[in-house]
Every structure is written in structure tokens, then in C-alpha cells.
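# Chain and residue survey
Spelled out from the first residue to the last, the chains are:
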Amino acid sequence: MIKNKRTGILLLAGVFTALLIPGCKSSNAEEEKNAEKPAVTTVPAFLLSEGSLSDTLSLPGELVAFQNVDLFAKVSSFVKKLYVDVGSEVRQGQLLAVMEAPEMNAQHDGAQSKVKSQEAIYLASKATYDRLFETSKTPGTVSQNDLDMANARQKSDYAQYMAAKSAVKEITDTRNYLEIRAPFSGVITARNVSAGAYVGPGAGAVPMFTLQEQKKLRLVVNLPESNAGVLNQNGSVKFAVKSLPGRYFEARTSRVSGALDNRLRAQRVEMDVHNDNKVLLPGMIPEVKIPLHSGNTQVFVIPNSALLNSSMGVFVIKVINGKTVWVPVSTGVKTDDKISVYGNLSKNDTLITAVTEEVRNGAVVDGKIALQKD
């Protein structure tokens, strides 16, 4: 009885095992079949198209006086009287200060005396020559040598007389430097001396006044190399200053340096700003809005993610016959999400949307190209 039970159990176990084995084989076969089937990857790409791109570039600028000059004393002297102070508006030629130098008066008087002395000597030698010349008209009365010597003395004395007059003029011109006058109309922005102060020329001299023309200002902007050509002569920009929120001012390009600064690698651009009401002040740092555009010609516009900046240069990655090709390009106007490019490109070229250096040049694209709408 026991033997028959054991035999029955063994038969049931065998049947169950036989049923399980085919099921296991069928599961393994499906897994192997799925493993042999490659996964399909998707490569985002787009068709290149022409377009135009415009944006506004915000750059800090600087407002400076159209004319700015430090006024120094030309001669060593003492300040006698000041006629202006800080904030004074002056006209061209207006008297600003008067100095005094007593020794110059003595020099002027001495030079005047020398002029009179030389004049008397010249007149005497001229009279002598005139008499000899009239006498020489009678043959044999005056030798030619005596006449020539008298003429030479007359010319020498005349030259001494003119030199004395020039010395007087020099001292007179120097005395004029004792008056400081405004070279142009503007505002006195600094006064560094008081009445009685000793002033004079020299390397360590301090300017007496600083004069600025403020009714017309210069807006100076340093354009970076990438945008050096966006502003042409007579181009207009708008700018704002922090002290006047909500107000915008306009300026026109007046002077373009035409070269990049060696230190900043930027081009200096100056714009004239009319400031008759003197709302704007020299030294302000405005925010300048410069319009950017890609010009009248059509260019290729791509997403920023499609541009590859590598150590070898700037590229886009084109897909040709299932392979990647790195195409060197030059860039133009750039916005937050797009950029204009120039290079060996054609309309409807297939470009990869998101590029990295891991996508090597000449690599096989074994995935599915998914064209995206721009």
C-alpha cells in the first residue's frame, strides 16, 4: 500500500515538471527575441531656414562733458581776485580771476626804456647815413667804404630797436596771462585756489578751475567685438539714468573709433546729447539700449542649442546620408533663444537641435531623425 502511494506521488511530480519545463523554455525564447530587437532612439533635428533677427542690446555707457578743461596759471604770481566760484555759469572770454606779479611791472618799464634808447641810437645812425649818402652824390667827397659802413650800422641799430620792441611785446603778452578767462561757455565745476594764494606753472601745479561744457554732452559706449559693427554713423539709441526713472533720452551716433581697444577689445562710440535744461550731468552711468539687426540680407537663424562652441571653433552639426558633419560658422545677432549664423550652409539642411562635443564629426546616426518645427 505504501509502495503504491509513493509510486503515485512520483508520477504526479513528473507530470508537473514536464508541464513547467516547456513554459520556462517559452519565456526564455521571448526574452532572447526581444533582446535581438534593437531599441529605436530619436535624434531631434530641424530643417535650416532663412530669416531675420533683431534684438536690443543693453550696455552701460558714460556721460561726459562735451568739453572739459583744467585752467592753470601761466606765470608765477599771487591770486589777486576771483570772480567765479563752483557752479558759476560763464561765457566764452569772461574774466574768471586776476593775478598780480609786481616784478613784471618793473620788467615792463625796463623794456620800455630800452626801446627808447635803441630808437635814439637808430635815428642817429640813420641820420648819419642819410648825410653821407647826400654828400656822396658829389664825386670824390665820400668813399664807398665809409658809405657802406654807415649803412650797415644803420641796419644793425634798426635790428636792435626792433628786438627791444619785441621784448616789450613779450612782457605785455605775459602780463595778459595774469588774467584767467574762459576758453568756452560752460560751468565752473571746481575751484582750487583762494585770493592771496601763490600759483604758477610746473609739473606739480594744481589747476585753479575746472570748466565743463554741460549744455552738450558726450554719451560714450564701448561696443564689444561681437557687436562692433551694429552702430553706423547717424544711428540712434535710447538711454535712461537711475536718477530719472521712467524717462528715456535719445542720442545719435556722432563719432566711431573704427578700431578695437587693445585692453577692452571693444570699439569706442560717441554720441552727442543735447542738454539745454541740464537735467543730465557729466559722470552719470546710463543704461543704453542699442537696436541689433542682422541687416537687409537674409541669414540663417538657428536655436542657441544647435550651436557648438568648442576649443577648435564654432560649429553646427549637419546630418548628411546618416552621418554627422561639423560645419564651421560665424555668428551674428544673438537673442535669448536664437542666433544668426553664416557659413557653408544651404536652405533645408538637416541640423541637430541639441549638440555636444560627444557627437563626433563623421559619426553614424543610427537613430530616428525627428524633425521639429522651428
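Everything in this summary refers to the structure shown in the same document. Just so we're clear, the structure is a prediction, and the values are computed from it rather than from any experiment.

Our focus in this paragraph is the sheet that holds strand 7 (residues 95-100). Strand order in the open sheet formed by 4 strands is 8-7-5-10, with antiparallel pairing between adjacent strands. Each having just a single partner strand, strand 8 (179-181) and strand 10 (198-199) make up the two edges of the open sheet. In this structure, strand 5 (residues 77-82) lies alongside strand 10, joined through 2 bridges in antiparallel fashion. By the bridge assignment for strand 10, Ser77 is matched with Val199.

In this section: the nonpolar core. Burial of nonpolar side chains together is a common tendency in soluble globular proteins. Membership of the largest hydrophobic core comes to 21 residues, with the highest contact counts inside it found for Leu96, Met99, Ile180, Met208 and Phe209. Elements supplying a minimum of two residues to this core: strand 7 and strand 11 (209-224). With 3 residues, the top contributor of residues to this core is strand 7. With near-sequence residues (within four places) excluded, Met99 lies in contact with Ala73, Ser77, Phe78, Val79, Lys80, Tyr177, Leu178, Ile180, Val199 and Met208. Within the second largest apolar cluster, 20 residues are counted, among which are Val237, Phe239, Met271 and Val273.

As a further point, take helix 2 (residues 102-135). With 34 residues, helix 2 extends 51 Å between its outermost C-alpha atoms, agreeing within 8% with the 50 Å of an ideal straight helix rising 1.5 Å per residue. Of all the positions in helix 2, only Met104, His108, Ala111, Val115, Gln118, Tyr122, Ser125 and Tyr129 are classed as buried. Among the structural elements, helix 3 (144-176) are those in contact with the buried residues of helix 2.

Reading the values: the criteria
Once a new chain begins, its residue numbering starts again from 1 and follows that chain's sequence as written. Since the coordinates come from a predicted model, pLDDT governs what is reported: local features require at least 70, and pairs of side-chain atoms require 80 or more to be given and counted, while whole-chain, interface and lining totals use all residues. Only hydrogens and water are set aside; all other atoms, that is, all heavy atoms of the structure, feed into the side-chain values. Two strands make a pair as long as DSSP finds a minimum of two bridges between them. Helix and strand assignments follow DSSP, with helices taken as H or I runs no shorter than four residues and strands as E runs no shorter than two, numbered in order from the N terminus. Side-chain atoms within 4.5 Å are what join buried Ala, Val, Leu, Ile, Met, Phe, Trp, Tyr and Cys residues into a set we call a nonpolar core. Note on classification: 1.4 Å probe, protein chains only; a residue is buried when its accessible area is under 20% of the maximum for its type, exposed when over 50%, partly exposed between these limits. Whether two residues touch is decided by their heavy atoms; if any such pair falls within 4.5 Å, the residues are in contact. To estimate the expected span of a helix, subtract one from its residue number and multiply by 1.5 Å.

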